[in-house]
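# Examining the three-dimensional arrangement
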Amino acid sequence: LGRPALGLAWRIAASVALLAALLHALVYLTISASQHWHWIEWPQGRANYSPRLFFLYWLNSAMPLAIWAAGWVSVQALGRYRQGELSRLRAEAATSALKLDVLRARLNPHFVFNALNNLRALINEDTDRARTLVTQLSNTLRHALDHGDAPTVPLRRELAVIDDYLSIEQVHYEQRLTVERDIEAAALDASLPPMLLQLLVENAIKHGIARTPGGGSLTLSARLEAGQLRLCVSNPGRLQRTERSQGVGLAYLRTRLAQGLPGAHFGLDERDGRVYAQLDIPQ
């Protein structure tokens, strides 16, 4: 039933033809054996199974078999179509719910509250930097609202949004947050779904920098290797069980990869007191 319509049709037709032929071959053998052992007597002395009559017998059996097969296939195909539609709608609903959860997480009151508090402090201390912070906050919030408009974006565009986000967080964390970048020039034009890389950066700050006394360095690397965009974000800290499976951001990331990026791979690892999140996206 998963085959194309033409391939399915000729297989059903061949099956019906073969089954009708086997049916009458079995009838003929049964009648012949019964006559041989004198279980039955034919009025004409022997059953007439000339080629013409055998074809008519075959046709009389093949027609109802074909009608039954067509009806059965139609019912099964309709059921599969309905099941597929239900699965698609469930997947879309789950994705929409995850998008909403991610949006709520990114616009959480703590982030906005900290940014506005920092802005209030900068207004009196450094007005130029305060204006820059307003622009960066506006860009970050706009990206949070518009992230679903395009299926993919160039890496350079995603990095611009991440730079704004990190600048806001660096105002908050000050010396506790340092950022190291290793971006290959050839990778800047590679494509990736919007927001996925930023989710990794936000996770690194939330679960790494914020929980580590004295903070630490966040490293971000991007390379093109063997036809894949390889992104890696690392932060100080330890890998918790909830980070592996229960985080909203990572759940959304895994859903996006499963639904629209065949061949993509995401992994979390811990080495030497640092957590590494690696994302491979085919190009």
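The following refers to the structure shown.

Cut-offs applied
- Residues numbered from 1 in each chain as written.
- Predicted model: local features only at pLDDT ≥ 70, side-chain atom pairs only at ≥ 80, totals over all residues.
- Heavy atoms only, no water.
- Helix = DSSP H or I, 4+ residues; strand = E, 2+ residues; numbered from the N terminus.
- Contact = heavy atoms within 4.5 Å.
- Core = buried A, V, L, I, M, F, W, Y, C linked by side-chain atoms within 4.5 Å.
- Buried < 20%, exposed > 50% of the residue type's maximum accessible area, 1.4 Å probe, protein only.
- Phe/Tyr/Trp six-rings, centres within 6.5 Å; stacked < 30°, edge-to-face > 60°.
- Lys NZ or Arg CZ within 6 Å of the ring centre and 35° of its normal.
- Pairing = 2+ DSSP bridges.
- Salt bridge = Lys/Arg side-chain N within 4 Å of Asp/Glu carboxyl O.
- Axes fitted to C-alpha atoms, helices over the stretch in contact; angles between N-to-C directions.
- Parallel < 35°, antiparallel > 145°, perpendicular 65-115°, else oblique.
- Left-handed = near helix turned anticlockwise from the far one by under 90°.
- Patch = residues over 30% accessible without salt bridge, like charges linked within 9 Å, V, L, I, M, F, W, Y side chains within 5 Å.
- Areas by Shrake-Rupley, 256 points an atom, 1.4 Å probe, with all protein chains shown as cover.
- Expected span 1.5 Å × (residues − 1).

## Some words on the overall build of the protein chain
- What the protein chain contains, in helices and strands, is 8 helices and 7 strands.
- When contacts within the protein chain are restricted to residue pairs at least 6 apart in sequence, those whose partners lie at least 24 apart make up 72%.

## Brief notes about the nonpolar core
- Of all hydrophobic cores here, the largest spans 44 residues; its most connected members are Leu-155, Leu-197, Ile-205 and Leu-279.
- If you list the elements that add at least two residues to this core, you get α3 (109–125), α4 (127–146), α5 (155–173), α6 (196–209), β4 (216–225), β5 (228–236), α8 (248–260) and β7 (274–282).
- The residues touching Leu-197, leaving out its near neighbours within four places in the chain, are Leu-155, Glu-158, Leu-159, Ile-162, Leu-192, Leu-220, Leu-231 and Val-233.

## Considerations on the packing of aromatic side chains
- Summed over the entire model, instances satisfying the criterion amount to 3 aromatic pairs.
- Lying across the ring of Tyr-276, Arg-271 places its NZ or CZ 4.0 Å from the centre.

## Side note on the pairing of β5
- Counting buried positions along β5 gives 7 out of 9 residues, so the element sits mostly inside the fold.
- Strand direction decides the pairing type here: β4 and β5, joined by 7 bridges, are antiparallel. By the bridge assignment for β5, Leu-224 is matched with Leu-229.
- Here β4 folds back onto β5 in antiparallel fashion, the turn holding 2 residues, of which Ala-226 has a positive phi close to 55°.
- Sheet topology places β5 next to β7; 9 bridges connect them, and they run antiparallel. Bridging across to β7, Asn-235 finds its partner in Val-275.

## Remarks on the pattern of salt bridges
- Scanning the model with the defined rule gives 10 salt bridges in all.
- The salt bridge partner of Asp-163 is Arg-181, with a shortest N-O separation of 2.7 Å. Of this pair, Asp-163 sits in helix α5 while Arg-181 sits in strand β2 (residues 177–183), and the two are 18 residues apart along the sequence.
- Given the relative accessible area of 30%, Asp-163 is considered partly exposed.
- Linking Arg-230 and Glu-225 is a salt bridge whose minimum nitrogen-to-oxygen distance equals 3.3 Å.
- In this structure Arg-230 comes out as partly exposed when scored by relative accessible area, which is 30%.
- On the basis of relative accessible area, Glu-225 is assigned to the partly exposed category, the value being 34%.
- The structure contains a network of salt bridges with shared partners spanning Asp-182, Glu-184 and Arg-223.

## Focus: the packing of α5 against α6
- Packing of α5 against α6 brings their axes to within 9 Å, and their N-to-C directions diverge by 20°. With respect to α6, the axis of α5 lies roughly parallel. Judged by the sense of rotation from one axis to the other, the crossing of α5 with α6 is right-handed. Mapping the contact onto sequence places Leu-155, Glu-158, Leu-159, Val-161, Ile-162, Tyr-165, Leu-166, Glu-169 and Tyr-173 in α5 and Leu-196, Leu-197, Gln-198, Val-201, Glu-202, Ile-205 and Ile-209 in α6.

## Considerations on the side chain of Ser-34
- You can see Ser-34 is positioned in helix α1 (residues 5–36).
- When near neighbours in sequence (up to four residues on either side) are disregarded, Ser-34 contacts Trp-39 and Ile-40.

## Notes on the environment of Arg-80
- Within the secondary structure layout, Arg-80 lies in helix α2 (residues 51–106).
- Leaving out residues up to four positions away in the same chain, Arg-80 has contacts with Leu-1 and Gly-2.

## Digging into a nonpolar patch on the surface
- Together, Trp-37, Trp-39, Ile-40 and Trp-42 line one region of the surface with nonpolar side chains, adding up to about 490 Å² of accessible area.
- Position of Trp-39 relative to the elements: it lies in the loop between α1 and α2.

## Side note on the sheet that holds β7
- Taking strand neighbours across the sheet as the criterion, the 5 strands line up as β2-β4-β5-β7-β6 in an open arrangement whose pairing is mixed. The open sheet is flanked by β2 and β6 (265–271), the only strands paired with a single partner. In this sheet, neighbouring strand axes are inclined to one another by 15° on average, regardless of whether the strands run parallel or antiparallel.
- Direction of pairing for β2 relative to β4: parallel, over a ladder of 7 bridges. Within β4, the position partnered with Asp-182 by the bridge is Ser-221.
- Across the sheet, α5 lies against β2, β4 and β5, angled at about 165° from β2, the strand it touches most.

## Re α1
- Along its 32 residues, α1 runs 46 Å from first to last C-alpha, staying within 8% of the 46 Å computed at 1.5 Å per residue.
- Among the residues of α1, Gly-7, Leu-8, Val-16, Ala-20, His-24, Ile-31, Ser-34 and Gln-35 are the ones counted as buried.

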